[in-house]
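# Fold and geometry: a report
The lines below spell out each chain.
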Amino acid sequence: MIYKRSSALFAEAQRVIPGGVNSPVRAFKAVGGDPIFVKEAKGAYLYDEDGNRLIDYINSWGPMILGHAHEPVVSAVVDKARKGTSFGMPTEIETEIAALAVEMVPNIDKIRFVNSGTEACMSAVRLARGFTGKDKIIKFAGCYHGHSDSFLIQAGSGAVTFGSPNSPGVTKGTAQDTLLARYNDIEQVEGIIESNKGEIACIIIEPVAGNMGCIPPVKGFLEGLRALCDANDILLIFDEVMTGFRLAKGGAQELLGINADIVTFGKVIGGGLPVGAFAARSEIMDYLAPLGPVYQAGTLSGNPLAMAAGLAMLTELNQNPEIFKSLEGKTEYLHNGIAKVLDEENITYTINRLGSMISVHFSEETVVDFDTAASGNNDTFKKFFHGMLDNGIYIAPSAFETWFITEALSYNDLDKTIEAVQKVAKTL
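Attention here is on the structure that accompanies the text.

The rules behind each value
- Residues numbered from 1 in each chain as written.
- Predicted model: local features only at pLDDT ≥ 70, side-chain atom pairs only at ≥ 80, totals over all residues.
- Heavy atoms only, no water.
- Phe/Tyr/Trp six-rings, centres within 6.5 Å; stacked < 30°, edge-to-face > 60°.
- Helix = DSSP H or I, 4+ residues; strand = E, 2+ residues; numbered from the N terminus.
- Buried < 20%, exposed > 50% of the residue type's maximum accessible area, 1.4 Å probe, protein only.
- Lys NZ or Arg CZ within 6 Å of the ring centre and 35° of its normal.
- Pairing = 2+ DSSP bridges.
- Axes fitted to C-alpha atoms, helices over the stretch in contact; angles between N-to-C directions.
- Contact = heavy atoms within 4.5 Å.
- Parallel < 35°, antiparallel > 145°, perpendicular 65-115°, else oblique.
- Left-handed = near helix turned anticlockwise from the far one by under 90°.
- Nonpolar A, V, L, I, M, F, W, Y, C, P; charged D, E, K, R; others polar.
- Salt bridge = Lys/Arg side-chain N within 4 Å of Asp/Glu carboxyl O.

### Description of the packing of aromatic side chains
For the coordinates displayed, the defined rule picks out 11 aromatic pairs. Each ring, one from Tyr183 and one from Phe221, has its centre 5.5 Å from the other, and the planes form 55°; the classification is tilted. One end of the pair, Tyr183, is in the loop between β8 (178–181) and α6 (186–195); the other, Phe221, is in helix α7 (residues 221–232), and 38 residues separate them in sequence. The buried category is assigned to Phe221, whose relative accessible area is 1%. The rings of Phe28, Phe385 and Tyr394 are connected pair by pair, giving a single aromatic cluster. Here the guanidinium or amino end of Arg53 rests over the ring plane of Tyr45, the centre of that ring lying 3.9 Å away.

So this is what it looks like as structure tokens:
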């Protein structure tokens, strides 16, 4: 495929936008080459500025669960826009989508809308600290909760549990309150809690990780976290920005049968527009201003266009829960097809999958945490990515991102994807 127009646009963008992109993963640094500039999208397909059609497996990093430009969502946004795009005042639709979300998701009584997943996770941690009166948090290596200072922490020298900033601008003082653990390692979490008795406000986790590829929790891990939190007066936060309303109507809490104390949302809940939210039981949410002492605000929070898109999306998912089974079936079909091809070509790989999330790792090890995800052959992934792109398939431009399946994908699209894998596999 030819990408002259995209390359020219990228060169132009670099003159006025840092790195030419407004989010780093878009820059193709992990895979090499110039990013693709999208002109429009419909259903399961992207159409780029060079006129190429691509089968899309990132789907705006998750929210397009029913496909791009889904008619009920588009109509809802257009109708709402005609009445005004923003007011900075309460609107009825905010209550409508809040009530629907509370109905769909287990173990929440109230929800507050913000403008991004980052903002939702940042606010959830602040609320947990305010509610518990404690400062420290536990997060897991490889889980991404946005670019708030508390989350941009890496393992310090000497011990995994002592965090240090992994971005300039994040202070050592901030980092010392973030304790880092290995995903799927309950014993290590237990040790961290024991070493910081009475100091930990919350544990925040992606219940199904999506930012080191798709990594489901091993049996007993989330159950163990729930028990540790209950025994030590720690709040358990599920970052369901990816999994919320995607793995089930009630997200990972429903699918996995584990209740969190605070849940964060993004992506699907906004129907493709910039939306985040966090939710909990009333006793926790009532600590927020204007009822309680924990301050959180946002001028454009509850924006009517975003609320209209989100309400249209959630309404359809709520009324048609068979969508989740359909998505799971398509993901399983894709998994089996790719695995068959890679087996036939004697290529070392691991595929992780849960619901409509899937990732291919060119690794000999079972991928259960960040270290095992990082053990994969990144050079092979780069070849795989560009080979798939040349065959009209757009997957995440990073080995550390999950793919997202959309209901708009047909089985013919899946077969074309598997055929592309067959062609590319011969070159790896």
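### Re the sheet that holds strand β5 (residues 136–140)
The seven strands lie next to each other as β4-β12-β11-β10-β9-β5-β8, forming an open sheet whose pairing is mixed. Each edge of the open sheet is held by one strand with a lone partner, namely β4 (110–114) and β8. Averaged over all neighbouring strand pairs, the angle between strand axes comes to 20°, with direction disregarded. Looking at chain direction, strand β11 (residues 262–266) and strand β12 (residues 276–280) are connected through five bridges and run antiparallel. Looking at β12, one finds that Ile262 is bridged to Ala280. Where helix α4 (residues 117–132) meets the sheet, its contacts fall on β4, β5, β9 (200–205), β10 (235–240), β11 and β12, and the angle it forms with β11 comes to roughly 165°.

### Examining the side chain of Asn52
Mapped onto the elements, Asn52 comes out in the loop between β2 (45–48) and β3 (53–56). With relative accessibility at 12%, the residue Asn52 sits in the buried group. Beyond its immediate chain neighbours, meaning those up to four positions away, Asn52 contacts Met1, Ile2, Tyr3, Leu46 and Tyr47.

### Regarding the packing of helix α11 (residues 322–344) against helix α14 (residues 411–425)
Relative to each other, α11 and α14 sit at 20°, their axes nearing to 9 Å. Regarding the angle of α11 to α14, the classification is roughly parallel. Handedness of the α11/α14 crossing: right-handed. Where α11 approaches α14, its residues Gly329, Lys330, Tyr333, Leu334, Gly337, Ile338, Val341, Leu342 and Glu344 are matched on the opposing element by Tyr411, Leu414, Asp415, Thr417, Ile418, Val421, Gln422 and Ala425. In terms of residue class, the contact of α11 with α14 is built from 10 nonpolar, four polar and three charged.

### What about unusual backbone geometry?
Omega for the bond connecting Ala289 with Pro290 falls within 30 degrees of zero, at 15°, which places this linkage in the cis form. Assignment of secondary structure puts Pro290 in the loop between α9 (282–285) and α10 (304–319). Phi is positive for Phe28, close to 65°, though the residue is something other than glycine. Relative to the helices and strands, Phe28 resides in the loop between α1 (4–14) and β1 (38–42). For Lys267, which is not a glycine, the phi torsion comes out positive at approximately 55°. Along the polypeptide, Lys267 turns up in the loop between β11 and β12. Lys267 gets classed as partly exposed once you look at its relative accessible area, which sits at 23%.

### Considerations on the sheet that holds strand β13 (residues 350–354)
One open sheet accounts for three strands, arranged β13-β14-β16; its pairing is antiparallel. Two strands lie at the open edges of the sheet, namely β13 and β16 (403–404), each paired on one side alone. As judged from the five bridges shared by β13 and strand β14 (residues 357–361), these two strands associate in the antiparallel manner. Directly across from Asn352, in β14, lies its bridge partner Ser359. Contacts from α11 reach β13, β14 and β16, with the element oriented near 175° to β13.

### Notes on the environment of Glu96
Tracing the chain through its elements places Glu96 in helix α3 (residues 92–104). Overall, Glu96 belongs to the partly exposed group, its relative accessible area being 37%. When the C-alpha positions of Glu96 and Ala308 are compared, they lie 9.6 Å apart, and in sequence the two are 212 residues distant.

### Remarks on the pattern of salt bridges
A complete count under the given rule lists 13 salt bridges for this structure. With its nearest N and O atoms 3.4 Å apart, the salt bridge here joins Glu199 to Lys136. Taken together, the residues span a long stretch of sequence, with Glu199 in the loop between α6 and β9 and Lys136 in strand β5 at a distance of 63 residues. The salt bridge involving Arg226 is made with Asp261; its shortest N-O contact spans 2.9 Å. Here Arg226, found in helix α7, pairs with Asp261, found in the loop between α8 (251–256) and β11; they are 35 residues apart in sequence, far enough to count as distant. We note that Arg226, like Asp261, is buried. Salt bridges here are not isolated pairs; linked through shared partners, they connect Arg226, Asp230, Asp261, Arg281 and Glu283.

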